[in-house]
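If you want the building blocks of each chain, they are given just below.
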Amino acid sequence: MRILQVINSLETGGAEKLIVDTVPVYVQSVIMDVAVLNGKEAPFKSILTNKKCCTIISIGKYSVYNPIYILKLIPIIRKYDVIHVHLFPAFYWVAFAHWISFNRAKLVYTEHSVVNRRREHFLLKWIDRWIYRKYKSVISITEAVQFGLKESLGNQKNLEYIIPNGVDLNQINSAMGYSKEVFFSNSSCLILQVARFGFPKDQKTVIESLVYLPEKFKLLLVGDGEELSACKALVQELKLNDRILFLGMRNDVPELLKTADILVLSSLYEGLSLSCIEGMASGKPFVASDVPGLKEIVTGSGLVFESGNPKELALIFQELDVNPEYYNQIAERCKKRVEDYSIDAMIQTHLQLYQTLINS
């Protein structure tokens, strides 16, 4: 069985991290390679390259929205039994390449988000419907994602699978945190958010929450992206330079999770956030915005706040800091909640699906 994973790039993001974490496990059972539309050097690409577990096919260095990728994909995808695609527009280009070349490989697509703005565009909405039908199986990562697909596309037979994304829980559990003095003083209450700086992550709400908190509350922000400059400007404007550190892209996220006192994710929406699952697995209280893709996991275990409300978020941080019993209770509930999101369970379910498609 020869499998090809296709994604826009290996720069940053949850789907990209999923590729990096899972491919080394997949290749113990099947032949699997990774094709990236824009193959420029990036942190996740370097990590996967260094693992020496698969062939990484860098198709070009154009914008990922350039339709030339359709032609470039044709000779690549004919070598595989199953093509597993992640994210738009790779989702479009693979479908077109498969169609015009009469390729017989089985196409699989993972829908990672509850939001698809193409559904609001008259023409793209109908193109979407045609594209989705070209995939033998469309995997939703949550029930909410599947509901959105069925509402948009109707009850197509290929929408039946829900396979939650998974994380390496053993890696999180075995990580050792740093001394808080590496970043601030040991007496600080250290808040951490791990997310790409871009829509819809909304780091600005977390930054603004520090205005309503005592000096002891400090913030670490991990990630990169187009909104990074705007967030740094906001920190300057609010005079919070001595309380917030931008750490950029990091390869030691498990260690950072174990270092922080409180973990947060302030997104406006998510699909199934790996940062959320990793954070909840770390044994620290996890706080998330009350939005689709987060509230389904966090409510009843971690804590949720109204999206875009820095004052409410600050009150939650303060309560966790002054009430150790409450802090430990929330942390324990978070860790228990994510036991079902193991990376091994996800991979085995995918492998069974691949085999079923090939046999059919």
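Residues numbered from 1 in each chain as written. Predicted model: local features only at pLDDT ≥ 70, side-chain atom pairs only at ≥ 80, totals over all residues. Heavy atoms only, no water.

*Asks:* What am I meant to see in the sheet that holds strand β9 (residues 217-222) here?
*Replies:* The pairing of strands in a sheet happens through backbone hydrogen bonds and is either parallel or antiparallel. Pairing is parallel across the open sheet formed by six strands, whose spatial order is β10-β9-β8-β11-β12-β13. Two strands in the sheet have a free side with no partner beyond their single neighbour: β10 (244-248) and β13 (303-305). Neighbour-to-neighbour, the strand axes of this sheet turn through a mean angle of 25°, independent of strand direction. Taken together, the four bridges between β9 and β10 define a ladder with parallel strand orientation. In the sheet register, Leu220 faces β10, and the bridge partner there is Leu245. Here helix α11 (residues 274-281) sits on the sheet and contacts β8 (189-194), β11 (262-265) and β12 (286-289); the angle it forms with β12, its principal contact strand, is near 155°. Lying on the sheet, helix α13 (residues 310-322) is in contact with β8, β9, β11, β12 and β13; it crosses β13 at an angle near 155°. (Pairing = 2+ DSSP bridges. Helix = DSSP H or I, 4+ residues; strand = E, 2+ residues; numbered from the N terminus. Axes fitted to C-alpha atoms, helices over the stretch in contact; angles between N-to-C directions. Contact = heavy atoms within 4.5 Å.)

*Asks:* Explanation requested: the nonpolar core in the structure shown.
*Replies:* Counting residues in hydrophobic clusters, the biggest one holds 91 residues, and the most contacted among them are Leu192, Ile207, Phe286, Val287 and Phe317. With seven residues, the top contributor of residues to this core is helix α15 (residues 343-359). Aside from chain neighbours lying at most four places away, what touches Leu192 is Leu219, Leu220, Val222, Leu256, Leu257, Ala260, Ile262, Leu263 and Val264. In this structure, Ile70, Ile83, Ala105 and Tyr109 belong to the second largest nonpolar core, which totals 33 residues. (Core = buried A, V, L, I, M, F, W, Y, C linked by side-chain atoms within 4.5 Å. Buried < 20%, exposed > 50% of the residue type's maximum accessible area, 1.4 Å probe, protein only.)

*Asks:* I'm lost on the pattern of salt bridges in this one. Help?
*Replies:* Oppositely charged side chains can form a pair if their charged atoms are brought close together. In this structure the tally under the stated criterion is eleven salt bridges. A salt bridge links Glu278 to Lys17; the nearest nitrogen and oxygen atoms lie 2.7 Å apart. Of the two residues, Glu278 is situated in helix α11 and Lys17 in helix α1 (residues 14-26); the sequence distance between them amounts to 261 residues. Classification of Glu278 as buried rests on a relative accessible area of 6%. Residue Lys216 is joined to Asp321 by a salt bridge in which the shortest nitrogen-to-oxygen separation is 3.1 Å. Of the two residues, Lys216 sits in the loop between α8 (203-209) and β9 while Asp321 sits in helix α13, which places them 105 residues apart along the sequence. With a relative accessible area of 28%, Asp321 lands in the partly exposed category. A network of salt bridges, in which partner residues are shared, links Lys17, Asp21 and Glu278. (Salt bridge = Lys/Arg side-chain N within 4 Å of Asp/Glu carboxyl O.)

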